[in-house]
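# Survey of secondary and tertiary structure
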Amino acid sequence: MNKFNSRCSVISASILLSMVGCASTSEPISFTAEELSDPTGSPLPIWNMVWNDEFDGTEIDKSKWSHEENCWGGGNNEQQCYTKRKVNSFVNDGVLHIIAKEGSFTGPNNTTGDTRSKATLPYTSARLRTLNKGDWKYGRFEIRAKMPHGQGTWPAIWMLPTDNVYGTWAASGEIDIVEAVNLKTQSDKKGAAEGEVENRIHGTLHYGRQWPENVNSGVTYELPDGINPADGFHTYAIEWEEGVIRWYVDNVHYATQAQRGWYSQYKKDGRLVTAEGSAPFNERFHLLLNLAVGGSWSANTNEGGIDSSVFPQTMAVDYVRVFECSVDPETGAGCATFSPDAKLEKGNPAPPIIIADENYGKGDEINIFEDQFHKVLMLSGYDPEKNLEVTIVEEPKRGKVIKLVKTGDTGNAYVISPEVDLSEWESEGELVFDMKVTDATSDSELLVKMDSGWPKAGDYSVPLNSSNEWQSVRVKLSDIVSNGNRFAGGNTVNLSKVKNILVVEPLGPLTVYLDNIRLVR
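Keep in mind it's a predicted model, so treat the numbers as computed, not measured.

Looking only at helices and strands, the chain features three helices and 33 strands. For 521 residues, the compact-globule formula gives about 24 Å, and the C-alpha radius of gyration of the chain, at 24 Å, lands near that figure. C-alpha atoms of the chain, sized along the principal axes, occupy 70 × 60 × 50 Å. The buried share of the chain, reckoned over its 521 residues, is 54%. Summarising the internal contacts of the chain: among those between residues at least 6 apart in sequence, 75% fall at separations of at least 24. By element, 46% of the accessible surface of the chain is carried by carbon and sulfur atoms, the whole surface being about 22,600 Å². Computed over 49 positive and 72 negative side-chain charges, the inter-centroid distance for the chain is 4 Å.

Once that is clear, we can look at the state of the cysteines. Overall, the coordinates contain two disulfides when judged by the stated rule. With a sulfur-sulfur separation of 2.0 Å, C71 is cross-linked through a disulfide to C81. Here C71 and C81 share a disulfide; its torsion about the S-S bond, 110°, makes the bridge right-handed. One end of the pair, C71, is in the loop between β3 (66-67) and β4 (80-82); the other, C81, is in strand β4, and 10 residues separate them in sequence. The exposure class assigned to C81 is buried, which follows from its relative accessible area of 0%. One disulfide in the model links C325 with C335; its S-S distance is 2.1 Å. The S-S bond linking C325 to C335 shows a torsion near 85°; that makes this disulfide right-handed.

Once that is clear, we can look at the layout of surface pockets. Empty space within the second largest pocket amounts to approximately 800 Å³. Around the second largest pocket, the lining comprises 22 residues; the ones closest to its centre are N216, G347, N348, S380 and G381. Those elements that place two or more of their residues in the lining of the second largest pocket are β14 (214-222), β24 (378-382) and β25 (388-395). Considering each element in turn, the lining of the second largest pocket owes the most residues, five residues, to β24. The class makeup of the residues in the lining of the second largest pocket is 11 nonpolar, six polar and five charged.

Here the focus is the UniProt feature "domain: GH16" (unreviewed entry) in the chain. Listed under "domain: GH16" (unreviewed entry) in the UniProt record, and renumbered for this structure, are residues 37-328. With 1% helix and 46% strand, residues 37-328 has end C-alpha atoms that lie 31 Å from one another.

Looking now at the pattern of salt bridges. Following the criterion strictly, the structure yields 29 salt bridges and no others. Among the salt bridges present, the one from R144 reaches D38, with a minimum N-O distance of 3.5 Å. One end of the pair, R144, is in strand β10 (residues 139-146); the other, D38, is in the loop between α1 (33-36) and β2 (47-53), and 106 residues separate them in sequence. Among the residues examined, D38 registers a relative accessible area of 24% and is labelled partly exposed. Across the pair D250 and R144 runs a salt bridge whose closest N-O atoms are separated by 3.9 Å. Of the two residues, D250 sits in the loop between β16 (244-249) and β17 (252-258) while R144 sits in strand β10, which places them 106 residues apart along the sequence. Residue R144 is classed as buried on the basis of its relative accessible area, which comes to 3%. In this structure, a network of salt bridges that share partners links the residues R140, E142, E239, E241 and R246.

Attention shifts here to empty space enclosed by the protein. By the definition in use, this model includes two cavities of 30 Å³ or more. The space that makes up the largest cavity amounts to roughly 80 Å³. Lining the largest cavity we find 13 residues, and of these L379, I402, A413, V415 and V504 sit closest to its centre. Put simply, the parts of the chain that give the lining of the largest cavity at least two residues each are β26 (399-406), β27 (412-420), β32 (498-506) and β33 (510-520).

Our next topic: the packing of aromatic side chains. Counting across every chain of the model gives 16 aromatic pairs. Judged by centre distance (5.3 Å) and plane angle (65°), the ring pair of Y166 and Y266 falls under edge-to-face. Here Y266 lies in strand β18 (residues 265-268) and Y166 lies in the loop between β11 (153-161) and β12 (174-179), a separation of 100 residues in the sequence. Across this residue pair, the class does not change: Y166 and Y266 are buried. Positioned over the ring face of W51 is K64, at 5.7 Å from the centre of the ring.

On to the sheet that holds strand β30 (residues 457-462), then. Here five strands make up an open sheet; going across it, the order is β24-β27-β32-β29-β30 and the pairing antiparallel. Where the open sheet ends on each side, the last strands, each with one partner, are β24 and β30. Averaged over all pairs of adjacent strands, the angle between their axes in this sheet comes to 25°, without regard to strand direction. Taken together, the five bridges between β24 and β27 define a ladder with antiparallel strand orientation.

Okay, a nonpolar patch on the surface next. A cluster of nonpolar side chains, contributed by L44, I46 and V327, occupies part of the molecular surface with about 250 Å² of accessible area. If you trace the backbone, L44 turns up in the loop between α1 and β2.

Right, let's get into a negative patch on the surface. A cluster of acidic residues, E365, E370, D371 and E394, forms a negative patch at the surface. Within the fold, E370 resides in the loop between β23 (365-369) and β24. Residue classification places E370 among the partly exposed positions, given a relative accessible area of 47%.

The next subject is the nonpolar core. The biggest cluster of nonpolar side chains holds 54 residues, and the ones touching the most others in it are M159, W240 and L289. Looking at which element gives the most residues to this core, the answer is strand β20 (residues 285-293), with five residues. The next biggest cluster of nonpolar side chains, apart from the first, holds 39 residues, and it includes I368, M450, V498 and I517.

Once that is clear, we can look at the pairing of β14. Sheet topology places strand β13 (residues 200-208) next to β14; nine bridges connect them, and they run antiparallel. Its bridge partner lying in β14, L205 is registered against S217. Here β13 hands over to β14 after five residues, the two strands then running antiparallel side by side.

Reading guide: rules and limits
Residues numbered from 1 in each chain as written. Predicted model: local features only at pLDDT ≥ 70, side-chain atom pairs only at ≥ 80, totals over all residues. Heavy atoms only, no water. Helix = DSSP H or I, 4+ residues; strand = E, 2+ residues; numbered from the N terminus. Rg over C-alpha atoms; globule rule 2.2 N^0.38 Å. Buried < 20%, exposed > 50% of the residue type's maximum accessible area, 1.4 Å probe, protein only. Contact = heavy atoms within 4.5 Å. Areas by Shrake-Rupley, 256 points an atom, 1.4 Å probe, with all protein chains shown as cover. Lys, Arg positive; Asp, Glu negative; His and termini not counted. Charge placed at Lys NZ, Arg CZ, Asp CG, Glu CD. Disulfide = S-S within 2.5 Å. 1 Å grid on protein atoms, 1.4 Å probe; cavity = no way out; pocket = protein on both sides within 12 Å on 5 of 7 lines; lining within 4 Å. Points joined across faces, edges and corners; volume = space filled by probe spheres on them. Nonpolar A, V, L, I, M, F, W, Y, C, P; charged D, E, K, R; others polar. UniProt positions renumbered as here; feature names shortened; annotations may be inferred. Salt bridge = Lys/Arg side-chain N within 4 Å of Asp/Glu carboxyl O. Phe/Tyr/Trp six-rings, centres within 6.5 Å; stacked < 30°, edge-to-face > 60°. Lys NZ or Arg CZ within 6 Å of the ring centre and 35° of its normal. Pairing = 2+ DSSP bridges. Axes fitted to C-alpha atoms, helices over the stretch in contact; angles between N-to-C directions. Patch = residues over 30% accessible without salt bridge, like charges linked within 9 Å, V, L, I, M, F, W, Y side chains within 5 Å. Core = buried A, V, L, I, M, F, W, Y, C linked by side-chain atoms within 4.5 Å.

Next up, the structure:
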């Protein structure tokens, strides 16, 4: 793989993103007519096409697409800077190329473009969006694309709200038409055989409250006959109507989510309220196309980390098409294609809104769980691959306890708290709980964490007792702070603004029972 040219072009100091070293020129990939043929065809005539880009020109159409330029890392500790350079995105022979490649870059570490705060990351890529150039409420959205492959690749075709009516992410929602991570690496799905390669795609919704109190729900799907999305072009689509979103690949309907399984809760006149109707998916959204490198998902699954030897990698896009339902453009209903085999994802109904009283966080003890969670706390989780199950079960002589079962490598459970100041607890405070592990192995590891919003987290590895007996555990808050975030170096929890008062993360398959969880000092 070519990393750098020996000769470098001069880059103007006025360009916000500056290169450290010189990236090699990215060659376009040539596709045969057979590869670009589209056997899926057009949707039914009742769908009217209202916007499209066939990428037939020689340049990216700036009337339809804008580039994001930053080294923010997507909020997921991703390792790429997004640039508008032609080595990272261009059109050739009717195909949009989005290319991720190795080569350090420096740029603003924020989404506003403020260069007073910068970051340097080891890869570059591109992220294109239609914000204020293509914005829609309801319709059918089709994108024909060929995915990249290799450890550390994370392509995404997705949608974000244009107006953020219900507040910042994810209270105003996110629609992931398709994502994939680490295609063609060793699969880490449950029961995968040695040599079985990763071939899954994911269709997901994000919603709930503003981060970090957001939640998500979605479906994982495998193309028929073991086809890998990195081996050819496929048509990824959603049909979005009022109260319902459906997912498709090559016109196969494989998943549905409905408004009874999503919600938006946001502050109105200083009070948290639940939005009405099908919110947040009842406002305008725009499209995004990007290829990320590493990050909290792809770098922590499959073979782990980033395999630099696979880069550069390309996400190739043949076309993007947007359709309006002619039967009822106002609601988008009446044009749907249904399959009885599609999975109906139950999602997450709106939780009750609980307001902490003035005494929460005061005194010398905070009871997190004893037969039930503290009344102001809410259980949630990060589980993109459905590896995690958390239940409250009866335990002899103890009453109700938490049972956490993890069957894969990705996922954690966390307890959301009203923001609480625990800065005075650092010197003497402890996290105290009872624990029983039933299937620990010699390489099992269990992390407990606290955070003030990712990546501001601290973690602690709990010593495991393989005797299958209950044990008492005490963890100093000072140790959690000093350890910092092992998955995002240089970060730790800010105890003056704790938002997730407890995170439990087995690093691999494990079953753990928890009881009498509290903070004491």
